[in-house]
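# Examination of the molecular architecture
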Amino acid sequence: MFKKSLLAGVALSTMLTGAALAEGLSGDKVVIGVLTDLSGVYADVAGKGSIVAVEMAVADYGGKVLGKPIEILTADHQNKADIAVNIAREWIDTKGADTIVDLVTSSVGLGVQGVGGEKGIVTINSGAATVRLTQKECTATSFHWIYDTYSLAHVTPPSVVADGGDSWFIITADYAFGHSLEADATAVLGELGAKVVGSVRHPFPSADLSSFLLQAQSSGAKVVALANAGQDTINSVKQAAEFGLVAGGQKLVALLAFLSDIHSIGLELGQGLLVTTGFYWDLDDETRSFSKKFFEKFGKMPTMVQAADYSATLHYLKAVEAAGTDDGKTVAAKMKEMPVKDAVIHDGKIAPNGRVIHDMYLMEVKKPSESTGEWDLYKLVKTVPGAQAFQDPAKSGCALSQ
Amino acid sequence: MFELLGIPPQALFGQLLLGLINGSFYALLSLGLAVIFGMLNVINFAHGALYMVGAFVAWYLLQYAGIGYWGALIITPVVVGILGLVIEKTMLRHLYKLDHLYGLLLTFGLALILEGGFKYQYGVSGQSYPVPAALNGGTNLGFMFLPFYRGWVVALSIVVCVATWYAIEKTRLGSYLRAATENPKLVQAFGINVPVMITMTYGTGVALAGLAGVMAAPIYSVNPLMGSNLIIVVFAVVVIGGMGSIFGAVASGYLLGLMEGLTKVFLPEASNIVVFLIMVVVLLLRPAGLFGRER
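Quick caveat: nothing in here was measured; it's all calculated off a predicted structure.

In the numbering used here, UniProt assigns the feature "domain: Leucine-binding protein" (unreviewed entry) to residues 30-366 of chain A. Here residues 30-366 of chain A is 45% helix and 20% strand, with 42 Å between the C-alpha atoms at its ends.

Let us now look at the packing of helix H2 (residues 47-61) of chain A against helix H12 (residues 304-323) of chain A. All names here are of chain A. Between H2 and H12, the shortest axis-to-axis distance is 8 Å and the interhelical angle comes to 35 degrees. Crossing of H2 over H12 shows right-handed handedness. In contact with Gly49, Ser50, Ala53, Val54, Met56, Ala57, Val58, Asp60 and Tyr61 of H2, H12 contributes Val305, Gln306, Asp309, Tyr310, Thr313, Leu314, Leu317, Lys318 and Glu321. A breakdown of the residues in the contact of H2 with H12 according to their chemical character gives ten nonpolar, four polar and four charged.

Time to look at the packing of aromatic side chains. Per the counting criterion, the structure on display carries 28 aromatic pairs over all chains. With a centroid separation of 5.3 Å and an interplanar angle of 70 degrees, the aromatic rings of Trp70(B) and Trp152(B) are classed as edge-to-face. On the criterion of sequence distance, the pair formed by Trp70(B) in helix H3 (residues 69-90) and Trp152(B) in helix H5 (residues 148-170) is long-range, its members being 82 residues apart. Here Trp70(B) falls in the partly exposed class, since its relative accessible area comes to 40%. Seen from their ring centres, Phe118(B) and Tyr122(B) are 6.3 Å apart, and the 25 degrees between their planes marks the pair as stacked. You can see Phe118(B) and its partner Tyr122(B) sitting in helix H4 (residues 100-122), four residues apart, about one turn around the helix. Taken individually, Phe118(B) and Tyr122(B) each receive the classification buried, so the pair is uniform in this respect. Among the aromatic residues, ring-to-ring pairing joins Phe56(B), Trp59(B), Tyr60(B), Tyr64(B), Phe118(B) and Tyr122(B) into one connected group. The ring of Tyr120(B) carries the charged tip of Lys48(A) above its face, separated from the ring centre by 4.7 Å.

Moving on, we get to the UniProt feature "transmembrane region" (unreviewed entry) in chain B. Residues annotated by UniProt as "transmembrane region" (unreviewed entry) correspond here to residues 12-35, 42-61, 67-87, 99-118, 149-168, 189-219, 231-258 and 270-289 of chain B. Here residues 149-168 of chain B is 100% helix and 0% strand, with 29 Å between the C-alpha atoms at its ends.

Residues and elements named next belong to chain A. As enumerated under the stated definition, the model contains 20 salt bridges over all chains in all. Across the pair Asp28 and Lys68 runs a salt bridge, and its minimum N-O distance is 3.8 Å. Here the residue Asp28 occupies a position in the loop between helix H1 (2-21) and strand S1 (30-36), and Lys68 occupies one in strand S3 (residues 68-76), the gap between them amounting to 40 residues. Taking the shortest distance from any N to any O, the salt bridge between Asp166 and Lys222 comes out at 3.0 Å. Pair noted here: Asp166 is in the loop between helix H5 (149-162) and strand S7 (167-173) and Lys222 is in the loop between helix H7 (210-219) and strand S9 (223-227), with a separation of 56 residues, a long-range link.

This next bit is on unusual backbone geometry. Residue and element names in this part refer to chain A. Note the cis peptide between Phe204 and Pro205, where omega equals -10 degrees. Within the secondary structure layout, Pro205 lies in the loop between strand S8 (195-202) and H7. Of note, Asn79 is a non-glycine position whose phi angle comes to about 60 degrees, a positive value. Among the structural elements, Asn79 can be located in the loop between S3 and helix H3 (81-94). If you check the backbone angles, Thr105 has positive phi at about 85 degrees while not being a glycine. Position of Thr105 among the secondary structure elements: in the loop between strand S4 (99-102) and helix H4 (106-119).

Turning to the pairing of S9(A), a few remarks are in order. Residues in a regular strand project their side chains so that they alternate between the two faces of the sheet. Residues and elements named next belong to chain A. Counted residue by residue, S9 has five buried out of five residues, so it is predominantly covered. The side-chain alternation of S9 yields two buried faces, one formed by Val223, Ala225 and Ala227 and the other by Val224 and Leu226. As judged from the five bridges shared by S7 and S9, these two strands associate in the parallel manner. Counted as the bridge partner of Trp168 is Val223 from S9. Examined bridge by bridge, S9 and strand S10 (residues 251-254) share four bridges and lie parallel to one another. Bridging across to S10, Ala225 finds its partner in Val253. Each parallel crossover has a hand, and for S9 linked through helix H8 (residues 230-242) to S10 it is right-handed.

Another point: the state of the cysteines. Residue and element names in this part refer to chain A. All chains considered together, the criterion is met by one disulfide over all chains. Sulfur-sulfur distance for the disulfide between Cys138 and Cys398 comes to 1.9 Å. One disulfide, between Cys138 and Cys398, carries an S-S torsion of 85 degrees and so falls in the right-handed class. Placement of Cys138 in the loop between strand S5 (122-125) and strand S6 (142-144) and of Cys398 in the segment after helix H14 (386-389) is noted, with a sequence separation of 260 residues between them. Neither residue differs from the other here; Cys138 and Cys398 are each classed as buried.

Another point: the sheet that holds S1(A). Residue and element names in this part refer to chain A. Taken together, six strands build an open sheet; the order of strands is S2-S3-S1-S4-S5-S6 and the sheet is mixed. Edge positions in the sheet fall to strand S2 (64-65) and S6, since each of these pairs with one other strand and no more. Here S2 runs beside S3; their pairing, made up of two bridges, is antiparallel. The partner of Val65 across the bridge, within S3, is Lys68. Taken strand by strand, H2 contacts S1, S2, S3 and S4, and its axis lies near 160 degrees from that of S1. Its contacts with the sheet place helix H13 (residues 328-337) against S5 and S6, and it is angled at close to 45 degrees to S5.

Moving on, we come to the packing of H3(A) against H4(A). The description of two helices packed together rests on the angle between their axes and the distance between the axes. Residue and element names in this part refer to chain A. Where H3 meets H4, the axes come as close as 8 Å, and the angle between the chain directions of the two elements is 30 degrees. Classified by the interaxial angle, the pair formed by H3 and H4 is roughly parallel. Like other packed secondary-structure pairs, H3 and H4 cross with a definite hand, here right-handed. Contacts between H3 and H4 involve Ala81, Ala84, Val85, Ala88, Arg89, Ile92 and Asp93 on the former and, on the latter, Ser107, Val108, Gly111, Val112, Val115, Glu118 and Lys119. Considering only residue class, the contact of H3 with H4 consists of eight nonpolar, two polar and four charged.

Rules of the game
Residues numbered from 1 in each chain as written. Chains lettered and ligands numbered in written order. Predicted model: local features only at pLDDT ≥ 70, side-chain atom pairs only at ≥ 80, totals over all residues. Heavy atoms only, no water. UniProt positions renumbered as here; feature names shortened; annotations may be inferred. Helix = DSSP H or I, 4+ residues; strand = E, 2+ residues; numbered from the N terminus. Axes fitted to C-alpha atoms, helices over the stretch in contact; angles between N-to-C directions. Left-handed = near helix turned anticlockwise from the far one by under 90°. Contact = heavy atoms within 4.5 Å. Nonpolar A, V, L, I, M, F, W, Y, C, P; charged D, E, K, R; others polar. Phe/Tyr/Trp six-rings, centres within 6.5 Å; stacked < 30°, edge-to-face > 60°. Buried < 20%, exposed > 50% of the residue type's maximum accessible area, 1.4 Å probe, protein only. Lys NZ or Arg CZ within 6 Å of the ring centre and 35° of its normal. Salt bridge = Lys/Arg side-chain N within 4 Å of Asp/Glu carboxyl O. Pairing = 2+ DSSP bridges. Right-handed = clockwise from strand over helix to strand, strands pointing away. Disulfide = S-S within 2.5 Å. Parallel < 35°, antiparallel > 145°, perpendicular 65-115°, else oblique.

Structure representation (structure tokens):
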């Protein structure tokens, strides 16, 4: 009995592999997995909103690709790489997942990208920050969509330095993401001739950051930069206002802040803060119309991560259509050939290392008097072309772009 | 200008004062925990969640009823206290006969449910709660800028801690309570309604957590995770002070706030573990805690 079912299993898996290699769709459908943080610290940055964005992309595409249905899987990875990798394997092995998107949190992103590379499944990261995703650890089927630590460090700091901010104090979250952001920012500041007068690493997460802010205050640096994320950034900004950092003449820079963070901080405390983003709902008619539809479904404006999930899903489906198959490597190659063009990213192209190169935006948080509504939070300071914002793929160390 | 251990004294005083402010929260929360453990022998794991509920009640009052900070300071502890009464009456009460662990498990489950519910409703980014207008701004003390609101937090928490300690150690009601803890049957035989007293004690203990929640709302963002971030440290504080010792909980709350403040200057990366290191050392040298008695 056992032997029989084993044989059947072998036969079945040969058939499945055979199907994947041939033209057409494995399992006669395209399966998109949305693997995100549904309950933890990044649940507002990505989370349920990411699922909504992917559903919108599928609906806007027409619900079918190559005349076959599109299925969406969703799961909560709890920001744990081991859990995420297990879910990804299960999806690929037993549920026929053809692509996995979102993947917020750097450790999760790196882990699942590894699985995708090994199994030839397209992984599209729109949530995690680490630039390592498109460096040594890149794979033939991996993509990084909207931002990374390199672009965060190359959009805001140069503009602040140009405005006379030539001495910096960096407050860093003491884990991989914070370290990598601090390193990228320090390198840029060095190139620009600005001085980093001090830095401090705080435990992650920290509810009370006043002690570190006080150290920044007494350092006399003109600019205080926050290399942290989410709740830590929210509390840093609130408490910096409380302790009069900005009132005392220092400039506060959040190297990574999402729309949901600024919404939570509020304009009263957040005003004047500079933010780097790959998407903002109120940029032009296209972004407004997409975001309005998103808002009607979800009740919140999309963060850049959620918007990126929409863009990435659409682009993936277009590539499947063009390639005539859902075979990972074929689709990935097609994705890199085609320009990224949709309501979120109007004019993007994909480098061989999987990096989507597109315009980044330097935003300033509005004063309460300038804002006309709950979500009217940013004004555009500068558009930074993709080639300037993102790392030169040839220098990334990814074997695919050598 | 002289320096102390390589740090200018101004910076050091500033950090010590900040430590004292954080210590105020530790003290308020560990006070409630100590009261509940001392009188009921329940390890109230829901304390952090009820602190979070306190902050949310303050936010609701402002958002939907237009009641500001000062009103919330009175109303919130009452609301959270009543929630505590309900929890004690309907659930906790049935577990007194069993091992302590059951109370811990029940309250832990409650904490998860409360946090999950709020997370589902409000996400994790948190809500903004403004500092009350009367306490806006701050003053320059020479060595640091002290926001008025933080000064108020320290003052209020000292008053509340001293008042609670006085009520339990020095008043007639307090003596009934302590007697009921030692020998509930005998105290009941004297005509004192012990079950009601225990219910009220639990309500008061969690009301203190609610009060701390209101006080925290203007400083931290009001979010569902705020309690679970704090509760572990607060448990360590109670253990260091001596389980059940009111004075110990308060004193070690302030003391550990100060120690943490110092660590943030000398070795910032270690500031979230210093409390636990101290706990290990204290447990090795004095298993009953700094101010606890062996039972």
